[in-house]
Amino acid sequence: MVKNSLAFEAETFRKIQPQEYLLRFIQGNIRPDGRSLSQFRPTTVNQSCITTTNGSSMVRIGNTTVVCGIKAEVATPKFNSPLEGYLVPNIDLSPICSPKFKPGPPGELAQVISENLNNLLKSASVLDLTSLCIKEGVAVWVLYIDLVCVNYDGNIYDASVIGMITALANVKLPEATFEEASGLVKATEELSVTLKLQRIPYSVTIALFDG
Amino acid sequence: MSIADTYRIITVLLTLISLMSRQELIGPQGLRQDGRRANELRKIKCKPSVLSQADGSAYIEQGNTKCLAAVYGPRETRQKAQVIHNKANINVEISLAPFSMPQERKKRSKSDRRLLEIASAVKQTFEPIIMTSLFARSQIDIYLQILQFDGGTIQICINAATLALIDAGIPMQEYVCACSAGCHENHILLDLNNTEEMADTPELTVALLPKSGKFTLLQMDSRLHVDKLEPVMNLAALGCKEIYETLDETVRENVKDLFQKSSPY
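What counts, and where the lines are drawn
- Residues numbered from 1 in each chain as written.
- Chains lettered and ligands numbered in written order.
- Predicted model: local features only at pLDDT ≥ 70, side-chain atom pairs only at ≥ 80, totals over all residues.
- Heavy atoms only, no water.
- Salt bridge = Lys/Arg side-chain N within 4 Å of Asp/Glu carboxyl O.
- Helix = DSSP H or I, 4+ residues; strand = E, 2+ residues; numbered from the N terminus.
- Buried < 20%, exposed > 50% of the residue type's maximum accessible area, 1.4 Å probe, protein only.
- Expected span 1.5 Å × (residues − 1).
- Arc of directions from axis to C-beta.
- Contact = heavy atoms within 4.5 Å.
- Pairing = 2+ DSSP bridges.
- Axes fitted to C-alpha atoms, helices over the stretch in contact; angles between N-to-C directions.
- Patch = residues over 30% accessible without salt bridge, like charges linked within 9 Å, V, L, I, M, F, W, Y side chains within 5 Å.
- Areas by Shrake-Rupley, 256 points an atom, 1.4 Å probe, with all protein chains shown as cover.
- Lys, Arg positive; Asp, Glu negative; His and termini not counted.
- Charge placed at Lys NZ, Arg CZ, Asp CG, Glu CD.
- Phe/Tyr/Trp six-rings, centres within 6.5 Å; stacked < 30°, edge-to-face > 60°.
- Lys NZ or Arg CZ within 6 Å of the ring centre and 35° of its normal.
- UniProt positions renumbered as here; feature names shortened; annotations may be inferred.

Residues and elements named next belong to chain B. Inspection of every chain in the model, using the stated rule, returns 16 salt bridges over all chains. The salt bridge partner of Arg252 is Asp248, with a shortest N-O separation of 3.0 Å. Placement of the pair is Arg252 and Asp248 together in helix H5 (residues 226-262), with a separation of 4 residues, close to one helical turn. Judged by its relative accessible area of 52%, Arg252 is exposed. In this structure, a network of salt bridges that share partners links the residues Arg32, Asp34, Arg36 and Glu196.

The structure is reproduced here in C-alpha coordinates:
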(Lines give C-alpha, C1' and ligand atoms only; values in the text may rest on other atoms or scores of the structure.)
Protein backbone atom coordinates (compact mmCIF):
# COMPACT_ATOMS: atom_id res chain seq x y z
CA MET A 1 0.00 0.00 0.00
CA VAL A 2 1.52 3.26 -1.06
CA LYS A 3 0.92 6.16 1.24
CA ASN A 4 0.97 9.64 -0.18
CA SER A 5 4.00 11.12 1.54
CA LEU A 6 2.32 14.50 1.88
CA ALA A 7 -0.78 13.18 3.66
CA PHE A 8 -0.58 13.51 7.46
CA GLU A 9 -2.62 12.05 10.23
CA ALA A 10 -4.98 14.53 11.82
CA GLU A 11 -3.05 14.76 15.09
CA THR A 12 0.26 15.42 13.35
CA PHE A 13 -1.36 18.00 11.12
CA ARG A 14 -2.77 19.74 14.17
CA LYS A 15 0.67 20.04 15.73
CA ILE A 16 2.52 21.16 12.62
CA GLN A 17 -0.02 23.53 11.14
CA PRO A 18 -2.54 24.55 13.81
CA GLN A 19 -3.93 27.45 11.81
CA GLU A 20 -4.59 25.41 8.69
CA TYR A 21 -6.12 22.65 10.79
CA LEU A 22 -8.59 25.02 12.36
CA LEU A 23 -9.30 26.73 9.06
CA ARG A 24 -10.35 23.45 7.44
CA PHE A 25 -12.96 22.92 10.14
CA ILE A 26 -14.25 26.48 10.11
CA GLN A 27 -14.68 26.44 6.37
CA GLY A 28 -17.13 23.60 6.97
CA ASN A 29 -18.91 25.71 9.63
CA ILE A 30 -17.91 23.44 12.45
CA ARG A 31 -15.23 23.38 15.15
CA PRO A 32 -12.81 20.56 16.02
CA ASP A 33 -14.84 19.50 19.04
CA GLY A 34 -18.06 19.25 17.02
CA ARG A 35 -19.64 22.53 18.06
CA SER A 36 -21.19 25.00 15.65
CA LEU A 37 -19.55 28.40 15.38
CA SER A 38 -21.90 30.05 17.87
CA GLN A 39 -22.30 27.25 20.37
CA PHE A 40 -21.17 27.43 23.99
CA ARG A 41 -19.61 24.49 25.80
CA PRO A 42 -21.69 22.83 28.52
CA THR A 43 -21.40 25.02 31.60
CA THR A 44 -21.93 23.90 35.19
CA VAL A 45 -21.87 25.96 38.38
CA ASN A 46 -21.60 24.58 41.89
CA GLN A 47 -22.27 27.10 44.69
CA SER A 48 -21.19 27.17 48.33
CA CYS A 49 -18.65 24.43 47.82
CA ILE A 50 -15.91 25.80 50.10
CA THR A 51 -17.10 26.08 53.69
CA THR A 52 -14.20 28.16 54.99
CA THR A 53 -15.34 31.10 52.87
CA ASN A 54 -18.14 33.61 53.17
CA GLY A 55 -19.23 32.73 49.64
CA SER A 56 -17.87 30.40 46.99
CA SER A 57 -18.54 28.78 43.67
CA MET A 58 -16.93 26.47 41.17
CA VAL A 59 -17.53 26.98 37.44
CA ARG A 60 -16.81 24.63 34.58
CA ILE A 61 -17.09 25.73 30.96
CA GLY A 62 -16.22 22.55 29.09
CA ASN A 63 -12.89 21.69 30.69
CA THR A 64 -11.98 25.15 31.95
CA THR A 65 -12.49 25.11 35.72
CA VAL A 66 -12.34 28.10 38.05
CA VAL A 67 -12.90 28.04 41.81
CA CYS A 68 -13.93 31.33 43.40
CA GLY A 69 -13.83 32.03 47.14
CA ILE A 70 -14.86 35.23 48.90
CA LYS A 71 -13.62 36.20 52.33
CA ALA A 72 -14.88 39.24 54.21
CA GLU A 73 -12.77 41.43 56.46
CA VAL A 74 -13.26 44.70 58.24
CA ALA A 75 -11.23 47.71 57.14
CA THR A 76 -11.24 51.49 57.16
CA PRO A 77 -12.99 52.92 54.14
CA LYS A 78 -11.21 54.85 51.42
CA PHE A 79 -10.79 58.51 52.14
CA ASN A 80 -13.01 59.87 49.39
CA SER A 81 -15.82 57.32 49.85
CA PRO A 82 -16.44 56.96 53.59
CA LEU A 83 -19.80 55.23 53.10
CA GLU A 84 -18.64 52.51 50.77
CA GLY A 85 -17.03 49.15 51.28
CA TYR A 86 -14.90 47.69 48.52
CA LEU A 87 -14.36 44.56 46.48
CA VAL A 88 -10.94 43.20 45.60
CA PRO A 89 -10.96 40.61 42.81
CA ASN A 90 -7.81 38.62 42.08
CA ILE A 91 -7.19 35.63 39.85
CA ASP A 92 -4.40 33.12 40.23
CA LEU A 93 -3.21 31.37 37.06
CA SER A 94 -0.64 28.90 38.28
CA PRO A 95 1.24 26.07 36.57
CA ILE A 96 -1.31 23.60 37.92
CA CYS A 97 -3.87 24.67 35.34
CA SER A 98 -1.81 24.49 32.19
CA PRO A 99 1.75 23.98 30.99
CA LYS A 100 1.53 27.49 29.49
CA PHE A 101 1.99 29.14 32.86
CA LYS A 102 5.30 29.34 34.63
CA PRO A 103 5.70 29.48 38.39
CA GLY A 104 6.35 32.88 39.92
CA PRO A 105 4.53 36.18 40.40
CA PRO A 106 1.26 36.78 38.50
CA GLY A 107 1.91 37.09 34.78
CA GLU A 108 0.40 39.47 32.29
CA LEU A 109 -2.80 37.49 31.65
CA ALA A 110 -3.60 37.13 35.35
CA GLN A 111 -3.05 40.82 35.99
CA VAL A 112 -5.13 41.87 33.00
CA ILE A 113 -8.05 39.64 33.99
CA SER A 114 -7.94 40.84 37.60
CA GLU A 115 -8.03 44.43 36.46
CA ASN A 116 -10.86 43.74 33.99
CA LEU A 117 -12.91 42.06 36.70
CA ASN A 118 -12.36 45.07 38.94
CA ASN A 119 -13.51 47.43 36.19
CA LEU A 120 -16.54 45.24 35.51
CA LEU A 121 -17.65 45.39 39.14
CA LYS A 122 -17.29 49.15 39.19
CA SER A 123 -18.79 50.01 35.84
CA ALA A 124 -21.73 47.63 36.09
CA SER A 125 -22.46 48.63 39.70
CA VAL A 126 -23.02 44.99 40.52
CA LEU A 127 -23.25 45.64 44.21
CA ASP A 128 -24.37 48.72 46.10
CA LEU A 129 -21.19 49.38 48.04
CA THR A 130 -22.98 51.37 50.72
CA SER A 131 -24.58 48.10 51.85
CA LEU A 132 -21.11 47.08 53.01
CA CYS A 133 -20.79 50.01 55.37
CA ILE A 134 -20.63 49.30 59.11
CA LYS A 135 -19.89 52.76 60.42
CA GLU A 136 -19.43 55.77 58.21
CA GLY A 137 -15.81 56.74 57.83
CA VAL A 138 -14.65 54.21 60.40
CA ALA A 139 -15.40 50.62 59.43
CA VAL A 140 -16.57 48.89 56.28
CA TRP A 141 -16.59 45.37 54.92
CA VAL A 142 -13.99 44.55 52.31
CA LEU A 143 -14.67 41.44 50.21
CA TYR A 144 -11.63 39.66 48.85
CA ILE A 145 -12.71 37.76 45.75
CA ASP A 146 -10.04 35.15 45.04
CA LEU A 147 -10.29 33.08 41.89
CA VAL A 148 -8.12 30.05 41.37
CA CYS A 149 -7.99 28.48 37.94
CA VAL A 150 -7.45 24.75 38.23
CA ASN A 151 -7.83 23.76 34.61
CA TYR A 152 -7.18 26.12 31.70
CA ASP A 153 -8.86 25.16 28.45
CA GLY A 154 -9.64 28.57 27.01
CA ASN A 155 -12.22 31.28 27.77
CA ILE A 156 -10.95 31.97 31.26
CA TYR A 157 -12.57 35.39 31.26
CA ASP A 158 -16.16 34.16 30.94
CA ALA A 159 -15.53 31.48 33.56
CA SER A 160 -14.13 34.04 36.02
CA VAL A 161 -17.06 36.39 35.54
CA ILE A 162 -19.58 33.61 36.14
CA GLY A 163 -17.56 32.41 39.13
CA MET A 164 -17.33 35.85 40.67
CA ILE A 165 -21.01 36.67 40.27
CA THR A 166 -22.28 33.30 41.52
CA ALA A 167 -19.96 33.47 44.52
CA LEU A 168 -21.17 37.00 45.33
CA ALA A 169 -24.74 35.73 45.12
CA ASN A 170 -24.21 33.28 47.97
CA VAL A 171 -22.06 35.42 50.29
CA LYS A 172 -23.17 35.32 53.92
CA LEU A 173 -21.88 37.96 56.32
CA PRO A 174 -22.37 38.31 60.06
CA GLU A 175 -24.33 41.23 61.49
CA ALA A 176 -21.74 43.84 62.42
CA THR A 177 -22.17 46.78 64.74
CA PHE A 178 -19.73 49.46 65.73
CA GLU A 179 -19.45 50.16 69.44
CA GLU A 180 -18.61 53.78 70.14
CA ALA A 181 -17.45 53.13 73.68
CA SER A 182 -14.72 50.65 72.88
CA GLY A 183 -14.05 51.62 69.28
CA LEU A 184 -14.44 48.00 68.24
CA VAL A 185 -16.56 46.26 65.65
CA LYS A 186 -18.58 43.45 67.10
CA ALA A 187 -19.85 40.71 64.82
CA THR A 188 -22.32 37.92 65.50
CA GLU A 189 -21.19 34.32 65.16
CA GLU A 190 -24.12 33.56 62.94
CA LEU A 191 -23.88 34.50 59.28
CA SER A 192 -27.22 35.92 58.33
CA VAL A 193 -26.69 38.88 56.03
CA THR A 194 -26.81 38.19 52.31
CA LEU A 195 -25.80 40.57 49.56
CA LYS A 196 -28.26 42.01 47.13
CA LEU A 197 -26.85 42.14 43.62
CA GLN A 198 -28.19 45.10 41.72
CA ARG A 199 -27.18 43.86 38.32
CA ILE A 200 -25.96 40.53 37.06
CA PRO A 201 -23.52 40.87 34.15
CA TYR A 202 -23.14 38.02 31.71
CA SER A 203 -20.07 37.85 29.56
CA VAL A 204 -19.55 36.25 26.18
CA THR A 205 -16.20 36.09 24.45
CA ILE A 206 -16.06 36.27 20.66
CA ALA A 207 -13.01 35.65 18.52
CA LEU A 208 -12.30 36.57 14.92
CA PHE A 209 -10.42 33.97 12.97
CA ASP A 210 -8.99 34.88 9.63
CA GLY A 211 -11.87 37.23 8.88
CA MET B 1 -4.67 50.20 66.54
CA SER B 2 -6.57 50.08 63.31
CA ILE B 3 -10.02 48.65 62.91
CA ALA B 4 -8.69 45.67 61.00
CA ASP B 5 -6.34 44.85 63.87
CA THR B 6 -9.09 45.05 66.48
CA TYR B 7 -11.32 42.85 64.35
CA ARG B 8 -8.56 40.33 64.09
CA ILE B 9 -8.03 40.37 67.84
CA ILE B 10 -11.72 39.78 68.47
CA THR B 11 -11.77 36.81 66.09
CA VAL B 12 -8.74 35.33 67.83
CA LEU B 13 -10.26 35.86 71.27
CA LEU B 14 -13.52 34.26 70.22
CA THR B 15 -11.66 31.24 68.88
CA LEU B 16 -9.62 30.93 72.07
CA ILE B 17 -12.72 31.11 74.23
CA SER B 18 -14.48 28.50 72.15
CA LEU B 19 -11.39 26.31 72.32
CA MET B 20 -11.09 26.56 76.06
CA SER B 21 -14.67 25.59 76.59
CA ARG B 22 -14.23 22.61 74.29
CA GLN B 23 -10.79 21.54 75.41
CA GLU B 24 -12.19 18.04 75.76
CA LEU B 25 -11.23 16.69 72.42
CA ILE B 26 -12.68 13.35 73.35
CA GLY B 27 -15.85 13.15 75.42
CA PRO B 28 -16.87 10.60 78.05
CA GLN B 29 -18.50 8.30 75.50
CA GLY B 30 -15.29 8.17 73.53
CA LEU B 31 -16.58 10.46 70.80
CA ARG B 32 -14.58 13.37 69.40
CA GLN B 33 -15.98 16.75 68.47
CA ASP B 34 -16.95 15.68 64.98
CA GLY B 35 -18.54 12.45 66.19
CA ARG B 36 -15.67 10.13 65.36
CA ARG B 37 -14.13 7.55 67.64
CA ALA B 38 -10.47 7.82 68.61
CA ASN B 39 -9.30 5.43 65.90
CA GLU B 40 -11.61 6.48 63.09
CA LEU B 41 -10.47 8.19 59.91
CA ARG B 42 -12.35 11.09 58.37
CA LYS B 43 -14.50 10.35 55.38
CA ILE B 44 -12.41 10.12 52.21
CA LYS B 45 -13.67 11.01 48.78
CA CYS B 46 -11.24 10.77 45.91
CA LYS B 47 -11.40 11.01 42.17
CA PRO B 48 -8.56 10.67 39.66
CA SER B 49 -8.34 12.24 36.18
CA VAL B 50 -10.16 15.44 37.01
CA LEU B 51 -8.04 17.87 34.95
CA SER B 52 -7.70 17.74 31.19
CA GLN B 53 -4.50 19.77 30.80
CA ALA B 54 -2.34 17.84 33.26
CA ASP B 55 -0.77 14.48 32.46
CA GLY B 56 -2.21 13.10 35.67
CA SER B 57 -4.49 14.60 38.27
CA ALA B 58 -6.51 13.76 41.34
CA TYR B 59 -8.95 15.40 43.69
CA ILE B 60 -9.14 14.19 47.25
CA GLU B 61 -11.24 15.18 50.27
CA GLN B 62 -10.42 13.99 53.77
CA GLY B 63 -13.20 15.30 55.96
CA ASN B 64 -13.28 19.03 55.29
CA THR B 65 -9.80 19.32 53.82
CA LYS B 66 -9.88 19.45 50.02
CA CYS B 67 -6.83 19.09 47.82
CA LEU B 68 -6.24 19.00 44.08
CA ALA B 69 -3.08 17.48 42.61
CA ALA B 70 -1.74 17.83 39.08
CA VAL B 71 1.27 15.99 37.68
CA TYR B 72 3.10 17.12 34.57
CA GLY B 73 5.82 14.92 33.26
CA PRO B 74 8.16 13.52 32.52
CA ARG B 75 8.88 16.60 30.47
CA GLU B 76 11.85 18.76 29.59
CA THR B 77 13.58 20.39 32.54
CA ARG B 78 12.99 24.12 32.67
CA GLN B 79 16.30 25.19 34.11
CA LYS B 80 19.59 23.79 32.89
CA ALA B 81 20.92 23.89 36.44
CA GLN B 82 18.35 21.35 37.59
CA VAL B 83 19.16 18.71 35.00
CA ILE B 84 20.37 15.44 36.53
CA HIS B 85 22.22 13.30 34.00
CA ASN B 86 20.93 9.94 35.10
CA LYS B 87 17.61 10.61 36.82
CA ALA B 88 14.48 12.69 36.54
CA ASN B 89 14.22 15.81 38.67
CA ILE B 90 11.12 15.92 40.89
CA ASN B 91 9.66 19.33 41.62
CA VAL B 92 6.87 19.75 44.15
CA GLU B 93 4.93 22.98 44.60
CA ILE B 94 2.19 23.45 47.15
CA SER B 95 -0.13 26.41 47.17
CA LEU B 96 -2.81 27.26 49.64
CA ALA B 97 -5.79 29.14 48.18
CA PRO B 98 -6.32 32.47 50.00
CA PHE B 99 -9.87 31.44 50.91
CA SER B 100 -8.89 28.04 52.25
CA MET B 101 -8.07 28.99 55.83
CA PRO B 102 -10.99 28.84 58.24
CA GLN B 103 -10.11 31.99 60.12
CA GLU B 104 -8.95 34.89 58.06
CA ARG B 105 -7.89 35.30 54.49
CA LYS B 106 -4.22 34.58 54.29
CA LYS B 107 -2.42 35.25 51.09
CA ARG B 108 0.30 32.70 51.71
CA SER B 109 2.90 33.14 49.05
CA LYS B 110 4.39 30.03 47.51
CA SER B 111 7.71 30.71 49.17
CA ASP B 112 6.19 30.68 52.62
CA ARG B 113 8.48 28.72 54.97
CA ARG B 114 5.89 26.24 56.15
CA LEU B 115 4.71 25.40 52.62
CA LEU B 116 8.28 25.03 51.37
CA GLU B 117 8.98 22.65 54.23
CA ILE B 118 5.96 20.52 53.41
CA ALA B 119 6.84 20.55 49.70
CA SER B 120 10.35 19.42 50.53
CA ALA B 121 8.98 16.61 52.72
CA VAL B 122 6.69 15.44 49.90
CA LYS B 123 9.57 15.55 47.41
CA GLN B 124 11.81 13.51 49.69
CA THR B 125 9.02 11.01 50.24
CA PHE B 126 8.54 10.38 46.54
CA GLU B 127 12.12 10.52 45.36
CA PRO B 128 13.00 6.92 46.28
CA ILE B 129 9.60 5.61 45.19
CA ILE B 130 9.30 7.02 41.67
CA MET B 131 11.54 5.18 39.22
CA THR B 132 13.43 8.30 38.24
CA SER B 133 16.31 6.44 36.61
CA LEU B 134 14.00 5.61 33.71
CA PHE B 135 13.71 9.26 32.70
CA ALA B 136 17.16 10.83 32.70
CA ARG B 137 17.45 14.58 32.23
CA SER B 138 13.73 15.19 32.54
CA GLN B 139 11.46 16.76 35.10
CA ILE B 140 8.36 15.53 36.89
CA ASP B 141 6.29 18.40 38.32
CA ILE B 142 3.79 17.76 41.10
CA TYR B 143 1.50 20.72 41.80
CA LEU B 144 -0.75 20.61 44.83
CA GLN B 145 -3.51 23.11 45.45
CA ILE B 146 -5.32 23.15 48.77
CA LEU B 147 -8.84 24.51 48.32
CA GLN B 148 -10.11 24.08 51.86
CA PHE B 149 -8.07 23.55 54.99
CA ASP B 150 -9.12 21.58 58.04
CA GLY B 151 -5.88 20.00 59.24
CA GLY B 152 -3.71 17.25 57.83
CA THR B 153 -1.84 19.11 55.08
CA ILE B 154 1.09 16.75 54.63
CA GLN B 155 -1.01 13.62 54.62
CA ILE B 156 -3.53 14.86 52.10
CA CYS B 157 -0.76 16.20 49.84
CA ILE B 158 0.99 12.83 49.80
CA ASN B 159 -2.23 10.90 49.18
CA ALA B 160 -3.29 13.26 46.39
CA ALA B 161 0.18 13.12 44.81
CA THR B 162 0.14 9.29 44.84
CA LEU B 163 -3.19 9.19 43.05
CA ALA B 164 -2.12 11.82 40.52
CA LEU B 165 1.18 10.07 39.78
CA ILE B 166 -0.63 6.80 39.18
CA ASP B 167 -3.08 8.62 36.91
CA ALA B 168 -0.14 10.08 34.97
CA GLY B 169 1.24 6.61 34.44
CA ILE B 170 4.56 7.39 36.09
CA PRO B 171 6.15 4.14 37.27
CA MET B 172 6.43 3.86 41.04
CA GLN B 173 7.48 1.05 43.33
CA GLU B 174 4.33 1.19 45.41
CA TYR B 175 1.53 3.42 46.60
CA VAL B 176 2.55 5.91 49.29
CA CYS B 177 -0.18 6.52 51.83
CA ALA B 178 0.05 9.02 54.65
CA CYS B 179 -1.88 9.50 57.84
CA SER B 180 -1.52 11.55 61.00
CA ALA B 181 -2.08 10.50 64.60
CA GLY B 182 -1.78 12.27 67.93
CA CYS B 183 -1.97 11.71 71.61
CA HIS B 184 -4.33 13.59 73.91
CA GLU B 185 -4.70 12.73 77.58
CA ASN B 186 -3.80 9.10 77.10
CA HIS B 187 -6.13 8.72 74.15
CA ILE B 188 -4.44 8.07 70.84
CA LEU B 189 -6.36 9.89 68.13
CA LEU B 190 -6.18 9.09 64.42
CA ASP B 191 -6.41 11.66 61.62
CA LEU B 192 -6.47 14.99 63.45
CA ASN B 193 -8.54 17.85 62.12
CA ASN B 194 -7.72 21.55 62.52
CA THR B 195 -9.33 22.00 65.96
CA GLU B 196 -7.45 19.03 67.32
CA GLU B 197 -4.18 20.19 65.76
CA MET B 198 -4.55 23.68 67.25
CA ALA B 199 -5.25 22.30 70.70
CA ASP B 200 -1.58 21.47 71.16
CA THR B 201 -1.84 17.73 70.69
CA PRO B 202 1.48 16.23 69.65
CA GLU B 203 0.91 15.13 66.09
CA LEU B 204 2.87 12.56 64.14
CA THR B 205 2.49 12.25 60.37
CA VAL B 206 3.48 8.95 58.86
CA ALA B 207 3.89 7.91 55.23
CA LEU B 208 3.87 4.20 54.59
CA LEU B 209 4.39 1.80 51.70
CA PRO B 210 1.43 -0.48 52.38
CA LYS B 211 2.63 -3.72 50.80
CA SER B 212 6.16 -3.74 52.16
CA GLY B 213 5.27 -2.02 55.42
CA LYS B 214 8.15 0.44 55.14
CA PHE B 215 7.88 3.94 56.53
CA THR B 216 9.07 6.62 54.11
CA LEU B 217 8.23 9.67 56.23
CA LEU B 218 7.93 10.32 59.94
CA GLN B 219 7.29 13.93 60.81
CA MET B 220 6.47 15.56 64.10
CA ASP B 221 6.88 19.15 65.28
CA SER B 222 5.96 18.79 68.93
CA ARG B 223 7.03 16.78 71.94
CA LEU B 224 5.80 13.27 72.58
CA HIS B 225 6.80 10.90 75.35
CA VAL B 226 8.97 8.12 73.94
CA ASP B 227 6.70 5.42 75.41
CA LYS B 228 3.81 6.80 73.40
CA LEU B 229 5.75 6.85 70.14
CA GLU B 230 5.22 3.23 69.19
CA PRO B 231 1.45 3.06 69.75
CA VAL B 232 0.95 6.36 67.90
CA MET B 233 3.10 5.16 65.00
CA ASN B 234 1.25 1.86 64.83
CA LEU B 235 -2.15 3.51 64.82
CA ALA B 236 -1.04 5.88 62.07
CA ALA B 237 0.25 2.89 60.08
CA LEU B 238 -3.16 1.23 60.39
CA GLY B 239 -4.74 4.45 59.16
CA CYS B 240 -2.37 4.41 56.17
CA LYS B 241 -3.40 0.87 55.30
CA GLU B 242 -7.05 1.86 55.39
CA ILE B 243 -6.36 4.82 53.13
CA TYR B 244 -4.50 2.47 50.78
CA GLU B 245 -7.61 0.30 50.46
CA THR B 246 -9.66 3.34 49.45
CA LEU B 247 -7.08 4.67 46.99
CA ASP B 248 -6.56 1.25 45.41
CA GLU B 249 -10.28 0.73 44.97
CA THR B 250 -10.58 4.12 43.31
CA VAL B 251 -7.73 3.42 40.91
CA ARG B 252 -9.12 0.03 39.92
CA GLU B 253 -12.60 1.44 39.33
CA ASN B 254 -11.17 4.20 37.22
CA VAL B 255 -9.24 1.72 35.07
CA LYS B 256 -12.36 -0.42 34.67
CA ASP B 257 -14.24 2.67 33.52
CA LEU B 258 -11.52 3.52 31.00
CA PHE B 259 -11.53 -0.01 29.62
CA GLN B 260 -15.26 0.07 29.15
CA LYS B 261 -15.15 3.44 27.45
CA SER B 262 -12.33 2.51 25.10
CA SER B 263 -13.74 -0.91 24.27
CA PRO B 264 -15.30 -1.12 20.81
CA TYR B 265 -18.23 -3.19 22.09
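More follows now that the structure is in view.
Because the α-helix completes a turn every 3.6 residues, residues three or four places apart line up on one side. Residue and element names in this part refer to chain A. Between its first and last C-alpha, helix H3 (residues 108-123) extends 22 Å over 16 residues, near the 22 Å set by a 1.5 Å rise per residue. Where H3 is concerned, the buried positions are Ala110, Ile113, Ser114, Leu117, Asn118, Leu120 and Leu121. On an axial view of H3, the arc spanned by its buried residues comes to 160 degrees, and they lie on one face. Exposed and facing more than 90 degrees away from the buried side of H3 are Glu108, Lys122 and Ser123. In the core, the buried residues of H3 are packed alongside strand E4 (86-93), strand E6 (139-151) and helix H4 (156-169). Ser125 lies just past H3 and shows a positive phi near 45 degrees.

Now for the sheet that holds strand E2 (residues 56-62) of chain B. Residue and element names in this part refer to chain B. Taken in spatial order, the 5 strands of this open sheet run E1-E2-E3-E5-E4, and their pairing is mixed. Only two strands of the sheet have a single neighbouring strand rather than two, namely strand E1 (44-48) and strand E4 (89-96). Strand-to-strand, the axes of this sheet are offset by a mean angle of 15 degrees, without reference to chain direction. Bridge analysis of E4 against strand E5 (residues 138-148) gives 8 bridges, and the strand direction is parallel. The residue of E5 that forms the bridge with Ile90 is Ile140. The sheet contacts of H5 involve E1 and E2, and relative to E1 the element is tilted by about 35 degrees.

Residue and element names in this part refer to chain B. Residues Glu40, Glu242, Glu245, Glu249, Glu253 and Asp257 make up a contiguous surface patch of negative charge. Its place among the elements puts Glu40 in the loop between helix H1 (3-21) and E1. Glu40 sits in the partly exposed class, given a relative accessible area of 35%.

This brings us to the packing of aromatic side chains. For the structure on display, the rule yields 5 aromatic pairs over all chains. Pairing Phe101 of chain A with Tyr152 of chain A gives two aromatic rings, centres 5.1 Å apart and planes at 85 degrees, and the pair type is edge-to-face. Note that Phe101 of chain A is positioned in the loop between E4 and H3 and Tyr152 of chain A in the loop between E6 and H4, a separation of 51 residues in sequence. Here Tyr72 of chain B and Tyr143 of chain B contribute two aromatic rings whose centre-to-centre distance is 5.8 Å and whose plane-to-plane angle is 65 degrees, an arrangement assigned as edge-to-face. In this pair, Tyr72 of chain B is assigned in strand E3 (residues 65-76) and Tyr143 of chain B in strand E5, connecting sequence segments 71 residues apart. Taking relative accessible area as the criterion, Tyr143 of chain B reaches 3% and is therefore assigned buried. Taken together, the ring pairs in this structure connect Phe13, Tyr21 and Phe25 of chain A into an aromatic cluster. Lys78 of chain A extends its terminal NZ or CZ atom over the ring of Tyr86 of chain A, reaching a point 4.6 Å from the ring centre.

A few words on the environment of Asn89 of chain B. Residue and element names in this part refer to chain B. Turning to its location among the elements, Asn89 is positioned in strand E4. Sequence separation between Asn89 and Glu104 is 15 residues; the distance between their C-alpha atoms is 36 Å. Look past the residues within four positions of Asn89 in its chain and what remains in contact with it is Gln82, Ile84, Lys123, Ser138, Gln139 and Ile140.

So, on to the UniProt feature "domain: Exoribonuclease phosphorolytic" (unreviewed entry) in chain B. Per the UniProt record, "domain: Exoribonuclease phosphorolytic" (unreviewed entry) is annotated on residues 40-171 and 175-236 of chain B. Along residues 175-236 of chain B the backbone is 26% helical and 42% strand, and the end-to-end C-alpha distance reaches 16 Å.

Moving on, we get to the sheet that holds strand E9 (residues 214-220) of chain B. Residues and elements named next belong to chain B. Taken in spatial order, the 4 strands line up as E7-E6-E8-E9 in an open sheet, and their pairing is antiparallel. Only two strands of the sheet have a single partner each, and these edge strands are strand E7 (187-190) and E9. Taking each pair of neighbouring strands and ignoring which way they run, the sheet shows an average axis angle of 25 degrees. Relative to E9, strand E8 (residues 203-209) runs antiparallel, the two being bridged by 6 bridges. Counted as the bridge partner of Ala207 is Leu217 from E9.

Attention now moves to the pairing of E2 of chain B. Residues and elements named next belong to chain B. A large share of E2 lies buried, amounting to 6 of its 7 residues. Pairing geometry for E2 and E3, over 7 bridges, is antiparallel. What sits directly across from Gly56, in E3, is Val71. Connecting E2 to the antiparallel partner E3 that follows it, the hairpin turn spans 2 residues, and Gly63 within it adopts a positive phi of roughly 65 degrees.

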